[in-house]
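Each chain, written out:
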Amino acid sequence: MTVAPLRREAMIAVALATVSGISWAALLTGPAVISAPALCTGRLIADLPSGAELRYLLAQASPAALATSWTLMVAAMMVPLFASPLCHVLVRSLSRARLRMIGSFVGGYLAVWLAAGVPLIGLAITVRAAFAEPRIAVGVVFAVAVAWQACGWKRVALNRCHARPVLGGEMAALSFGTRHGLWCLAGCAPLMIAALLAPAYTGLAMIAAALWIWAERLEPPRGPGFGLIWPRRASRAAAHHLRLALAPPRRAASGRGRHGASASLPT
Amino acid sequence: MHTRENVYELADDWAEPILWYARGVKAMQAKPLSEPTGWRFYAAIHGYLRWLWDSHGITSAADAEPSAAEMGTYFDQCQHQSWFFLPWHRGYLFALERQMKHEIAALGGPAETWALPYWNYFEAGRSAVPPAFRSLDWPDGTGDNPLFVVQRWGVLATGPDPAFERRVHLNAVTDREFSGPGNGGSTGFGGRPTGFNWAGGDNGGVEWQPHNILHTLTGGSHPADTLPPPNQNVPVPGLMSVPQTAALDPVFYLHHCNIDRLWESWNRFPAGKVAINPSDWSNPSGVNWQQGPASTGDRPFAMPDTDGSRWDFVPNDVEQIAALDYDYADLTPGAAPPPADPTAARVANLGLAQPAALSGASGMTTGRVVERLGSLGRGLRLAGHGAERRSLRLDPPTAARLTNSLSSGNAGSGLPDRVFLNLENVRSRSDAVLFEVYVGPAGDPDGASRQLAGTVSLFGTTLASSLEGSHAGNGITHVLEITDIVDRLHLGGALGIEELDVELVPVGSIPEAVAVEIGDISLYRQSE
């Protein structure tokens with residue numbers, strides 16, 4: 001089936017938003033076995049007594065349940081981020097190969113994130129178990145996450161997420177998905193762990209982390225250096241559109257020849 | 001209202017507009033780098049790379065930079081591979097022209113009537129850099145002509161290019177859309193939607209030709225000298241060859257006046273040209289273009305005014321030149337008016353029935369398809385003198401859709417497909433490189449039936465190849481329309497559905513250190 005580019009982009013956006021929305025709904029309001037407050041690993045991990053062993057956790061939640069909730073967390077937070085690379089995959093695919101190309105890219109990307117769930121959850125449990133006071137564990141992880149956000153490697157990872165390589169076939173799409181997933185993981189993992197450990201407010205923490213991760217992707221590239229990347233572009237865009245909504249622009253948008261002739265010029 | 005005139009049609013080589021331009025340039029050049037109304041500050045608004053400026057002797061350790069806040073506001077703004085290419089450069093020219101008038105007034109010159117001239121290189125014998133810019137001397141024989149630039153090593157720096165007509169074309173002005181569907185298909189006359197885009201992505205039609213190639217043909221690179229370490233094997237590029245130095249050359253502004261004139265011409269010349277869709281020959285109407293990159297949260301376009309204050313502008317402010325109080329002496333884009341109705345001519349050439357859609361206002365762009373036809377499937381490296389010839393593998397069912405459209409027109413519109421060759425993710429360590437692209441039928445061992453698809457300039461490629469750049473070093477994707485060639489192959493019975501040959505030929509020699517890396521070569525059909 002051949003589809004016009006604009007319609008194709010809209011279809012991708014709708015599909016990804018649907019997947020993400022369903023995952024968020026399941027995490028925030030779903031059955032206890034998969035929902036964020038009960039499991040998503042946050043509340044359970046946060047409630048662990050100091051020094052608890054893994055079998056305590058597994059008595060509360062099976063590996064399958066942990067895997068399910070981690071998958072939902074990745075789908076909710078990360079799927080919206082790959083609209084742009086997914087469009088790239090579609091543009092560089094033959095019509096009859098598109099499904100295979102998409103499958104290869106998504107497979108590579110999700111494989112990285114799902115595999116990362118084991119060490120990331122393990123790390124969250126370990127950190128939590130190392131501190132008697134949950135708030136200290138959260139504070140330590142949050143400090144590490146902020147330090148990572150400000151370091152040069154974070155900038156490198158963020159820049160690499162904008163790579164759009166040539167795609168000669170399914171293996172190239174798989175490789176692109178895997179590399180994109182790895183750079184994404186490198187950029188976002190510390191924030192994800194911090195969200196995992198946030199007690200009582202895991203759902204809110206996840207939403208905040210997801211919004212931050214989305215907004216920082218919009219930032220222009222930075223050279224090597226140290227410093228937090230604040231989501232200025234998203235903030236300015238929101239402020240700009242708020243201003244437009246409150247006070248319409250000088251002239252209604254329209255094509256050439258349909259305007260008045262006034263312009264904002266230096267005097 | 002002042003009129004920008006053709007530099008080659010002024011009374012003489014040093015006519016008043018040129019003489020006063022030279023005096024104004026000299027006055028601006030005398031100002032320090034940190035002065036917002038100075039020549040170097042203005043050039044840095046387009047692009048700034050201190051080590052390269054130092055190596056050219058433009059700056060030295062004694063030149064203090066402006067404050068970080070000023071540099072963040074003004075420097076490195078030029079918009080390329082973007083639908084903001086045309087409006088940003090129009091605002092930039094307007095600001096420079098305004099500053100120049102201010103300088104001319106201070107020197108006691110005719111500031112009210114003075115305007116930047118334009119360089120229309122398409123007219124016979126006029127492809128050379130205008131004579132006053134090639135002279136070491138002022139008209140009185142004194143030798144510090146500020147219009148002359150040593151670092152101008154391209155073929156046009158010394159005289160007309162005998163191959164100019166073959167290398168440079170105006171095909172973009174026949175594209176009815178400002179912003180095409182992209183995704184391998186047409187990028188339109190003015191370029192694809194972006195935010196604030198410093199480098200990387202796909203060129204718009206008029207940016208690709210004639211804009212980019214004129215930069216390279218003028219700037220070129222030094223035949224022997226190389227850059228300092230770590231680029232010690234890279235030939236020194238001419239100022240015009242690189243975005244971060246281009247606006248230091250006074251001829252830059254005459255070149256861009258011509259590009260700006262082509263935009264105005266595309267909008268309204270000739271009067272009454274055929275439109276198929278209501279938006280044809282019009283600028284984008286959406287807020288994201290009209291209100292500029294600030295509408296998506298990016299940095300705004302900002303220019304210093306003559307008193308050093310800041311002027312922020314958006315495309316909506318500059319899209320009508322009447323509002324900016326200037327016009328052009330002539331809007332004929334090249335040496336002759338463009339074809340009145342190229343779509344109808346093409347349909348007739350293919351022997352198809354003239355579709356009703358050509359009568360206008362049918363909204364044909366809705367539901368248009370851009371589809372990948374095939375590709376090389378691997379990268380290609382171009383260096384030295386040697387040509388590289390490869391066969392693209394086409395997808396037979398998709399190619400059959402193309403040939404069907406050429407034989408009977410697409411269902412609905414009745415129009416045949418357009419075809420585009422994509423050179424994907426092109427990277428190099430030099431911008432001062434040119435190569436030609438030929439297309440021909442597969443199975444033609446000596447390439448005798450190959451046809452020139454276009455000459456590619458790497459202007460802006462070094463910046464777009466940087467891993468720290470805005471597109472992670474993706475490079476630039478060049479989109480060449482080869483519809484005419486495909487039509488000819490089709491009519492000659494030589495258009496296969498399994499393979500198509502492509503040959504890349506360096507113009508001159510490409511040094512090994514700046515070898516061109518092409519990620520892949522692909523072919524797309526675009527239904528109309």
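Counting starts from 1 at the beginning of each chain's written sequence and moves along it residue by residue. Labels follow written order: the first chain is A, the first ligand is 1, and so on. Local features in this predicted model are restricted to residues of pLDDT 70 or higher, and side-chain atom pairs are both shown and tallied only at a pLDDT of 80 or more, whereas totals for entire chains, interfaces and linings draw on every residue. Hydrogens and waters are ignored; side-chain quantities use all the structure's heavy atoms.

(A) Summary view of the overall build of chain B. When its secondary structure is counted, chain B shows 15 helices and 16 strands. Its C-alpha atoms give chain B a radius of gyration of 23 Å, within 12% of the compact-globule value 24 Å for 528 residues. Along the first, second and third principal axes, the C-alpha set of chain B runs to 65 × 50 × 45 Å. Partly exposed describes any residue whose relative accessible area lies between the buried limit of under 20% and the exposed limit of over 50%, with all areas from a 1.4 Å probe on protein chains only and scaled to the type maximum. A total of 528 residues make up chain B; the buried ones form 64% of that total. Long-range pairs, those at least 24 residues apart, make up 75% of the contacts in chain B with a sequence separation of at least 6. As presented, chain B carries roughly 17,200 Å² of accessible surface, and 52% of it is formed by carbon and sulfur atoms. Only runs of H or I of at least four residues qualify as helices and only runs of E of at least two qualify as strands under DSSP, and these elements are numbered from the N terminus. The reference for a compact globule is 2.2 Å times residues^0.38; the radius of gyration itself is calculated from the C-alpha atoms. Whether two residues touch is decided by their heavy atoms; if any such pair falls within 4.5 Å, the residues are in contact. Per-residue and other accessible areas follow the Shrake-Rupley method at a 1.4 Å probe size, with only the shown protein chains counted as cover for residues.

(B) Main features of the overall build of chain A. Across its full length, chain A holds 11 helices and 0 strands. In sequence order, the secondary structure elements of chain A are arranged as α-α-α-α-α-α-α-α-α-α-α. Residues counted as buried form 47% of the 267 residues belonging to chain A. Taking the contacts inside chain A whose residues are at least 6 apart along the sequence as the reference set, 72% of them involve residues at least 24 apart. Summed over its atoms, the accessible surface of chain A is roughly 12,400 Å², and 71% of this surface lies on carbon and sulfur atoms.

(C) Layout of the environment of B:Phe85. Residues and elements named next belong to chain B. The topology assignment puts phenylalanine 85 in helix α5 (residues 85-106). The exposure class of phenylalanine 85 is buried, given its relative accessible area of 0%. For the pair phenylalanine 85 and tryptophan 263, spaced 178 residues apart in the sequence, the C-alpha separation amounts to 11 Å. Those residues in contact with phenylalanine 85 that lie beyond four places of it in its chain are Gln79, His80, Val206, Glu207, His211, His256 and Ile259.

(D) Representation of the packing of aromatic side chains in the model. Each Phe, Tyr or Trp ring (for Trp, its six-membered ring) is paired with any other whose centre lies within 6.5 Å, and the angle between the two planes then decides the class: stacked below 30 degrees, edge-to-face above 60, tilted in between. One pass over the structure, following the stated rule, counts 37 aromatic pairs over all chains. Pairing B:Trp83 with B:Phe84 gives two aromatic rings, centres 5.8 Å apart and planes at 50°, and the pair type is tilted. Taken as a pair, B:Trp83 and B:Phe84 share a single burial class, namely buried. With a centroid separation of 5.7 Å and an interplanar angle of 90°, the aromatic rings of B:Tyr326 and B:Tyr328 are classed as edge-to-face. Take B:Tyr326: its relative accessible area is 1%, and that puts it in the buried class. Here the aromatic cluster, defined as three or more aromatic residues joined through ring pairs, consists of B:Trp83, B:Phe84, B:Phe94, B:Phe196, B:Phe301, B:Trp311 and B:Phe313. Note that A:Arg160 overlies the ring of A:Trp183, its terminal NZ or CZ placed 5.4 Å from the centroid. Ring-over charges, as used throughout, are those where CZ of Arg or NZ of Lys falls within 6 Å of the ring centre and within 35 degrees of the ring normal.

(E) View of the nonpolar core. Within this scheme, the nonpolar core is defined by two criteria: the residues are buried Ala, Val, Leu, Ile, Met, Phe, Trp, Tyr or Cys, and they are joined through side-chain atoms within 4.5 Å. Counting residues in hydrophobic clusters, the biggest one holds 100 residues, and the most contacted among them are B:Tyr21, B:Trp119 and B:Tyr253. Considering each element in turn, this core owes the most residues, 10 residues, to α5(B). Ignoring sequence-local partners within four residues, the contact set of B:Tyr253 consists of B:Tyr21, B:Trp39, B:Tyr42, B:Ala43, B:Tyr92, B:Leu93, B:Leu96, B:Leu116 and B:Ala247. In terms of nonpolar packing, the next biggest core, distinct from the first, is built from 54 residues, A:Leu16, A:Trp24, A:Leu27 and A:Cys184 among them.

(F) Broad picture of the interface of chain A and chain B. Contacts between the two partners involve 48 residues from chain A, matched on the other side by 60 residues from chain B. Put simply, buried area is how much 1.4 Å-probe accessible surface two parts lose in total, over both of them, once they are put together. Of the roughly 4,200 Å² buried between chain A and chain B on both sides combined, carbon and sulfur atoms contribute 48%. For this analysis, a salt bridge means a side-chain nitrogen from Lys or Arg found within 4 Å of a carboxyl oxygen belonging to Asp or Glu. Summed over the shared surface of chain A and chain B, the result is 3 salt bridges. Across the pair B:Asp298 and A:Arg233 runs a salt bridge, and its minimum N-O distance is 2.9 Å. Polar contacts, as used here, are pairs of N or O atoms within 3.5 Å; protein pairs need one atom able to donate a hydrogen and one able to accept it. Residues neighboring in sequence count only if both atoms are side-chain atoms. Our enumeration of links across chain A and chain B arrives at 12 residue pairs in polar contact (both at pLDDT 80 or more). Those elements that provide at least two residues to the side of chain A that touches chain B are α1 (5-29), α8 (152-160) and α11 (232-246) of chain A. Top element by residues in the side of chain A that touches chain B is α11(A). It accounts for 6 residues. Residue composition of the side of chain A that touches chain B, by class: 19 nonpolar, 15 polar and 14 charged. Three residue categories are used. Nonpolar comprises Ala, Val, Leu, Ile, Met, Phe, Trp, Tyr, Cys and Pro, charged comprises Asp, Glu, Lys and Arg, and polar comprises the others, including Gly.

(G) Structural context of the pairing of strand β16 (residues 516-526) of chain B. All names here are of chain B. Burial of β16 is extensive: 10 of the 11 residues sit out of reach of the surface. One bridge is not enough; two strands pair if DSSP finds at least two bridges between them. Where strand β9 (residues 380-382) meets β16, 3 bridges bridge the pair, whose relative direction is antiparallel. Within β16, the position partnered with arginine 381 by the bridge is glutamate 517. Both strand β11 (residues 418-427) and β16 contribute to a ladder of 9 bridges, which runs antiparallel. Of the residues in β16, the one forming a bridge with valine 426 is isoleucine 518.

(H) The arrangement of unusual backbone geometry in detail. Residue and element names in this part refer to chain B. Between glutamine 209 and proline 210 the backbone carries a cis peptide bond, its omega angle lying at 10°. One can find proline 210 in helix α8 (residues 205-219). Cis geometry is found at the peptide bond from proline 229 to proline 230, where omega equals 10°. If you trace the backbone, proline 230 turns up in the loop between β3 (221-226) and β4 (235-237). Phi is positive for aspartate 76, close to 55°, though the residue is something other than glycine. For aspartate 76, the position within the fold is in the loop between α4 (68-74) and α5. The backbone of asparagine 183 shows a phi angle near 55°, a positive value even though the residue is not glycine. The residue asparagine 183 is located in the loop between α7 (164-167) and β2 (201-202) in this model.

(I) Molecular detail of the pattern of salt bridges. Residues and elements named next belong to chain B. Scanning all chains against the criterion turns up 43 salt bridges over all chains. Salt-bridge contacts for glutamate 528 lead to arginine 368; the nearest nitrogen and oxygen are separated by 3.9 Å. Of this pair, glutamate 528 sits in the segment after β16 while arginine 368 sits in the loop between α12 (342-349) and β8 (370-375), and the two are 160 residues apart along the sequence. A cluster of three or more residues bridged by salt bridges with shared partners is formed by Asp175, Arg176, Glu177, Asp280, Arg368, Arg418, Glu481 and Glu528.

(J) Up close: the packing of helix α4 (residues 63-78) of chain A against helix α10 (residues 202-217) of chain A. All names here are of chain A. Interaxial angle, 0 to 180 degrees, is taken between N-to-C directions of lines fitted to C-alpha atoms, where a helix line uses only the stretch in contact. The contact between α4 and α10 brings their axes to 9 Å, and the two run at 40°. Judged by the angle between their axes, α4 and α10 are oblique. Of the residues in α10, those touching α4 at Met73, Met77 and Met78 are Met206, Ala209, Ala210 and Ile213. By residue class, the composition of the contact of α4 with α10 is 7 nonpolar, no polar and no charged. In what follows, roughly perpendicular refers to angles from 65 to 115 degrees, roughly parallel to angles under 35, roughly antiparallel to angles over 145, and oblique to any angle outside these ranges.

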